[in-house]
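Chain residues, written in single-letter form:
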Amino acid sequence: MEKKNLLTYEGLQKLETELQDLKVVKRKEVSQKIKEAREQGDLSENAEYDAAKDEQRDIEARIEEIEKILKNAEVVVEDEVDLDKINVGCKVKILDCEFDEELEYKIVGSTEASSLQGKISNESPVGKALIGAKVGDIVSIETQAGVIQYKVLGIQRSN
């Protein structure tokens with residue numbers, strides 16, 4: 001049995017929008033490129049044709065990937081998230097005990113994780129350690145650089 005892909009509602013919408021764009025817009029664009037490249041004649045030395053076919057393969061692979069994610073998606077209803085302890089769909093404020101630095105993260109499913117946007121996966125080492133922690137708890141995370149400790153300062157809804 002395949003594992004469930006935990007998604008926030010925002011993540012679900014983003015994937016559905018991307019899938020729609022790939023199926024409706026990108027497929028049409030790439031088939032037009034292939035058609036134009038075919039009209040140039042000899043396909044054996046046609047770089048535009050090869051590039052268009054590669055792009056088509058990438059688009060179809062991404063469509064398949066998104067459909068697989070959505071097929072096994074479980075949407076976390078953020079309004080129903082229990083704010084007594086950290087779970088997927090909440091925003092957490094933590095204190096890096098070593099550097100005395102406050103950090104804020106949104107805990108999301110692995111398909112939505114993006115460190116640049118402050119979204120960490122529930123399956124990442126930090127995410128795993130934080131899941132289930134309460135305000136005031138200190139969690140320790142084993143890393144290659146040693147043990148990192150975070151103190152949970154706050155838990156809130158992410159929306």
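Here, the structure is the one placed above.
What counts and how
Residues numbered from 1 in each chain as written. Predicted model: local features only at pLDDT ≥ 70, side-chain atom pairs only at ≥ 80, totals over all residues. Heavy atoms only, no water. Helix = DSSP H or I, 4+ residues; strand = E, 2+ residues; numbered from the N terminus. Buried < 20%, exposed > 50% of the residue type's maximum accessible area, 1.4 Å probe, protein only. Lys, Arg positive; Asp, Glu negative; His and termini not counted. Salt bridge = Lys/Arg side-chain N within 4 Å of Asp/Glu carboxyl O. Polar contact = N/O pair within 3.5 Å; in protein donor to acceptor, adjacent residues only side chain to side chain. Contact = heavy atoms within 4.5 Å. Core = buried A, V, L, I, M, F, W, Y, C linked by side-chain atoms within 4.5 Å. Pairing = 2+ DSSP bridges.

Visitor: So what exactly am I meant to see when it comes to the side chain of E112 here?
Guide: Note on placement: E112 falls in the loop between β4 (101-108) and β5 (119-121). Buried and unpaired, E112 has K119 as its nearest opposite-charge partner, separated by 4.7 Å. At 3.4 Å, the side chain of E112 and the backbone nitrogen of G11 are in polar contact. Apart from residues no more than four positions distant in its own chain, E112 is found in contact with L6, L7, T8, G11 and K119.

Visitor: Would you explain the nonpolar core in this entry?
Guide: Nonpolar side chains tend to gather and get buried jointly when the protein is soluble and globular. The biggest cluster of nonpolar side chains holds 17 residues, and the ones touching the most others in it are I86, V92, I94, I107, L130 and V152. For this core, the secondary structure elements donating two or more residues are β3 (90-96), β4, β6 (138-143) and β7 (146-157). Contact partners of L130, with chain neighbours within four places excluded, come to I86, V92, I94, I107, I120, V139 and V152.

Visitor: Can you help me understand the pairing of β4 in this one?
Guide: Each regular strand shows side chains that alternate between the opposite faces of the sheet. Judged from the six bridges that link them, β3 and β4 form a sheet pairing that is antiparallel. Bridge assignment links K91 to a residue of β4, and that residue is K106. With antiparallel pairing between neighbouring strands as the criterion, β3 and β4 make up a hairpin whose turn holds four residues, including D100 at a positive phi of roughly 50°.

Visitor: How should I be thinking about the pairing of β6 in this particular structure?
Guide: When β6 meets β7, the two strands line up antiparallel, connected through six bridges. The residue of β7 that forms the bridge with S140 is Q149. In this structure, the hairpin formed by β6 and β7 is closed by a connection of two residues.

Visitor: Looking at this structure, how should I read the pattern of salt bridges?
Guide: Opposite charge on two side chains allows them to pair when their charged atoms are near. Scanning the model with the defined rule gives nine salt bridges in all. Here R62 and E18 are joined by a salt bridge, their closest N and O atoms 2.7 Å apart. Taken together, the positions of R62 in helix α2 (residues 47-71) and E18 in helix α1 (residues 9-38) put the pair 44 residues apart, joining distant regions of the chain. Residue classification places R62 among the partly exposed residues on the basis of a relative accessible area of 23%. A salt bridge links R57 to D54, with the nearest nitrogen and oxygen atoms 2.4 Å apart. Placement of both R57 and D54 in helix α2 is noted, with a separation of three residues, approximately one turn of the helix. It is possible to trace a salt-bridge network through shared partners that takes in E10, K106 and K119.

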